[in-house]
Amino acid sequence: MISTINERNFRGVDLNLLVTFLVLMRERSVSGAARKLFIGQPAASSALARLRELFGDELLVRGAHGMEPTARALALEAALAPALGEVQAALFESAAFDPATAEHTFTLGMPDWVELWLMPRLFERVRVEAPGVRIAVKVCDPVTGTAMLEAGEIDLGVGAFREGPRWQKYTPLRTMGFRCFFHPALVRTRRRGTLALADYTAHPHVLVSYRAAFESAADEQLAAQGLRRDVRYVTPRFALVPEILRHSPAIGTAPEVLAPLWPDLVSCAVPVALPAFDVSAIGHARRERDPALTWLLGVIAEVARE
């Protein structure tokens, strides 16, 4: 691979300049990039001018919503982000990670239901295998996860993420579905322990939505049949659902892996066709060869499959 490098092509190219380019692309602001890089705004403006000259393109131009990237800039970002991640890994990341002796802190991003399902067992595994490791969890969801990862706010995200930008590394962990939950003393159904479609539409519903929406895929399925359900309460936290259901004759829908955590509630099949979904881990290409993250991702994958 090294033999293919033409040294003349790199004359006048400053590695720090390429890093500045990626920060400018992320911030979409010269002043914002200057703050992130701990340099003055004139220095950041000068760097942008040098980048424009280097690539023969405006790269970032003023638009209706601030600085907007050109097509050339977007193509360069897609190519350079993984490449500079490889350079960072080669220069700064240690060659090995020994969980038994390491002192390390990981920051994970996940919605509350993933934390409820995954973290008790994951924490115990880490406590035994890596006593010097600490874990912090930040709340994130399928919409915010990529941005938090790009900004360096989290090391890994775990949740129902879709494949994203080229630099986002996507690791499938497990496929699962949804179940309906209700309190047997408060919700009477036609057949004990099950939920017919008529039962489903007859009772009020608690819905989990990260954007405070009163409709979901279940409502689309019902509408196709000329039916509707009565969503009366929306929350961004699955952890609140069982407490609501213990006091109200309502129905909630949640990932099936939460059923063992709510043994006093009835768990039954959803009477509308909801597709299964994938739980995955997302990481940044610049950390792909980080031995500490590689170890943790392996443990997460094992725990998720159990």
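Residues numbered from 1 in each chain as written. Predicted model: local features only at pLDDT ≥ 70, side-chain atom pairs only at ≥ 80, totals over all residues. Heavy atoms only, no water.

*Asks:* How should the environment of Glu-306 be read in this particular structure?
*Replies:* Position of Glu-306 relative to the elements: it lies in the segment after helix 10 (291-305). Given the relative accessible area of 56%, Glu-306 is considered exposed. Sequence spacing of Glu-306 and Arg-174 is 132 residues, and the spatial spacing of their C-alpha atoms is 9.8 Å. With residues near it in sequence (within four places) discarded, Glu-306 still touches Arg-121, Arg-125 and Arg-174. (Helix = DSSP H or I, 4+ residues; strand = E, 2+ residues; numbered from the N terminus. Buried < 20%, exposed > 50% of the residue type's maximum accessible area, 1.4 Å probe, protein only. Contact = heavy atoms within 4.5 Å.)

*Asks:* What exactly am I supposed to notice about helix 10 here?
*Replies:* Each turn of an α-helix holds 3.6 residues, which means side chains three or four residues apart point in the same direction. Taking 1.5 Å of rise per residue, 15 residues should cover 21 Å, and helix 10 covers 21 Å from first to last C-alpha, within 8% of that figure. Among the residues of helix 10, Pro-291, Ala-292, Leu-293, Trp-295, Leu-296, Val-299, Ile-300, Ala-301, Val-303 and Ala-304 are the ones counted as buried. Of the surrounding secondary structure, the elements contacted by the buried residues of helix 10 are strand 3 (104-110), helix 5 (112-129), strand 5 (156-159) and strand 6 (168-176). Backbone nitrogen of Ala-292 and a side-chain oxygen of the N-cap are separated by 2.9 Å at the start of helix 10; the cap is Asp-290. (Expected span 1.5 Å × (residues − 1). Polar contact = N/O pair within 3.5 Å; in protein donor to acceptor, adjacent residues only side chain to side chain.)

*Asks:* Honestly, the nonpolar core in this entry has me stumped. Any pointers?
*Replies:* As a rule of thumb, soluble globular proteins bury nonpolar side chains together. Counting 42 residues, the largest nonpolar core has Trp-113, Trp-117, Leu-118, Leu-122 and Ile-300 as its most contacted members. Listed by contribution, the elements that provide at least two residues to this core are strand 3, helix 5, strand 5, strand 6, strand 8 (204-208), helix 9 (241-245), strand 12 (277-284) and helix 10. Ranked by residues supplied to this core, first place goes to helix 10 with 9 residues. Not counting residues within four places of it along the chain, the set of residues in contact with Trp-117 comprises Arg-174, Met-176, Val-257, Leu-258, Leu-261, Val-279 and Ala-304. The next biggest cluster of nonpolar side chains, apart from the first, holds 31 residues, and it includes Leu-22, Met-25, Leu-84 and Leu-149. (Core = buried A, V, L, I, M, F, W, Y, C linked by side-chain atoms within 4.5 Å.)

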